[in-house]
Amino acid sequence: VACELTPTYLEMADNTAVVRSRSEGEGGLTVVAQAIGPTTPKKATAWFLWLLGLYIMLIAKAPVEITKEMEAQYMAIMEDAEDIREVRTPIVIKINELDKEMNAHTGGIPLFWRLNEEKSKIVNELWNKRSEYEAELMKVESKIDVIESDAKSKLGLWSNRGLSEARQKFWEKVDAGKAFAKRQTLWDAITSILFTQRRDEESLQFIIRWVLQIAFNFTIGFFLTLINFTFSIIWVIRSFQPSLISGMAFYALALLGATSVVIGYLLLTCGIAGGGVYVAYKTVSSNHRLRDRRRRQQIRHQHHD
């Protein structure tokens, strides 16, 4: 009797495992469906603003077309900037020469040259000269910025030039945020290897911990992207000398576009992290079920024998 009942019990255990795995998959779909939920006015507005922001930052064309007259006015003013750039070039050359001379005296090693009185005196003199050239360079660059601002005002903030500069500034900040996340992940890996003692950590725990850590680092990087862009876009807007209303409208739309893209990155990051955790969980669970099944088969064969 025992030999007949035992296989039946083991088969029921296998079927229960299958049903459980199916219910887990259906439960995941239920959670997603509940998170999305029914469409409400607030959700519809949020979706509309998000898609509008993506359109503004990624697809939208400039509402103001640059005419030949506007381009001629721009080029006429920029010719004055070219004359000032010729004054800037020898100053930059002088600064580079002083940097090379200081490096020759210091050997590229910080602080140690201060222990030598003769070298310290020479380096300080060179540094003072460099500071004078830097002050002169800042004055020249300030004049260039004023001329370029006057020239860009002829094109307008809502032209293709204004839109492209705003997008370029945003993608610069995105690259900076990604670089921060990669550096932070590298440091986390180094500190984990050097200072963490987790020899008994299971593979599933290890995978989940690092997937979540990487997702957290990129989340912080994208938040920094949005914060940096919030302030840096102001200088781009000011360089076109728009009216107050026009500048505020451009600023609001630029922030909407940046926020929408950052939200898209965050959703993608969370999706990849969730997918990674889910795949790791399913893989480890299936390995556990496979080992349990083999163990039950061994028990079954022992009973038959």
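Residues numbered from 1 in each chain as written. Predicted model: local features only at pLDDT ≥ 70, side-chain atom pairs only at ≥ 80, totals over all residues. Heavy atoms only, no water.

For the rest of this paragraph, the subject is the pattern of salt bridges. Scanning the model with the defined rule gives eight salt bridges in all. Across the salt bridge formed by arginine 130 and aspartate 99, the nearest N and O atoms sit 2.5 Å from each other. In this pair, arginine 130 is assigned in helix 4 (residues 117-155) and aspartate 99 in helix 3 (residues 68-106), connecting sequence segments 31 residues apart. Accessibility expressed as a relative area gives 14% for arginine 130, which makes it buried. With a shortest N-O distance of 3.8 Å, lysine 169 and glutamate 172 are connected by a salt bridge. Of this pair, lysine 169 and glutamate 172 are both found in helix 5 (residues 160-195), three residues apart, which corresponds to roughly one turn of the helix. Assessed through its relative accessible area of 24%, lysine 169 is described here as partly exposed. For glutamate 172, a relative accessible area of 38% corresponds to the partly exposed category. Salt bridges sharing partners connect three or more residues here, namely Glu82, Arg85 and Glu148. (Salt bridge = Lys/Arg side-chain N within 4 Å of Asp/Glu carboxyl O. Helix = DSSP H or I, 4+ residues; strand = E, 2+ residues; numbered from the N terminus. Buried < 20%, exposed > 50% of the residue type's maximum accessible area, 1.4 Å probe, protein only.)

Once that is clear, we can look at the nonpolar core. Counting residues in hydrophobic clusters, the biggest one holds 20 residues, and the most contacted among them are Met57, Phe170, Phe229, Ile233, Ala258 and Val262. Only helix 2 (41-58), helix 5, helix 6 (203-238) and helix 7 (244-304) provide two or more residues apiece to this core. If you tally residues by element for this core, the top one is helix 7, at seven residues. The residues contacting phenylalanine 229, other than those within four sequence positions of it, are Met57, Ala166, Lys169, Phe170, Lys173, Ala254, Leu255 and Ala258. One finds Met70, Met78, Ala151 and Leu155 within the second-largest nonpolar core, a separate group that totals 14 residues. (Core = buried A, V, L, I, M, F, W, Y, C linked by side-chain atoms within 4.5 Å. Contact = heavy atoms within 4.5 Å.)

The subject of this paragraph is the environment of glutamate 71. When you line up the elements, glutamate 71 lands in helix 3. On the accessibility criterion, glutamate 71 (44% relative accessible area) is partly exposed. Residues glutamate 71 and leucine 155 lie 84 residues apart in sequence; the distance between their C-alpha atoms is 7.0 Å. Once residues within four sequence positions are removed from consideration, glutamate 71 is found in contact with Ile66 and Leu155.

Here glutamate 165 shows up in helix 5. The class for glutamate 165 is buried, based on a relative accessible area of 16%. Residues within four places of glutamate 165 in sequence aside, it is in contact with Lys152, Val236, Ser239 and Phe240.

Its 39 residues give helix 3 an end-to-end C-alpha distance of 54 Å, which sits within 8% of 57 Å, the value for a rise of 1.5 Å per residue. For helix 3, the set of buried residues is Met70, Tyr74, Ile77, Met78, Ala81, Ile84, Ile91, Ile95, Leu98, Met102 and Thr106. Of the residues one or two after helix 3, glycine 107 is the one with positive phi, at around 70°. (Expected span 1.5 Å × (residues − 1).)

It is worth spelling out unusual backbone geometry at this point. At glutamine 241, a position not held by glycine, the phi torsion is positive, near 55°. Considering the arrangement of structural elements, one finds glutamine 241 in the loop between helix 6 and helix 7. Judged by relative accessible area, which is 41%, glutamine 241 ranks as partly exposed.

A few words now on the packing of aromatic side chains. A complete count under the given rule lists six aromatic pairs for this structure. Centre to centre, the rings of phenylalanine 218 and phenylalanine 222 are 6.2 Å apart; their planes meet at 45°, and the pair counts as tilted. In this pair, phenylalanine 218 and phenylalanine 222 both sit in helix 6, four residues apart, roughly one turn of the helix. The class of phenylalanine 222 is buried, set by a relative accessible area of 3%. Ring pairing ties together the aromatic residues Phe170, Trp171 and Phe229, which thus form one cluster. For lysine 152, the ring lying beneath its charged end belongs to phenylalanine 240, and the centroid distance is 4.8 Å. (Phe/Tyr/Trp six-rings, centres within 6.5 Å; stacked < 30°, edge-to-face > 60°. Lys NZ or Arg CZ within 6 Å of the ring centre and 35° of its normal.)

Honestly, it's all geometry; don't read function into it.
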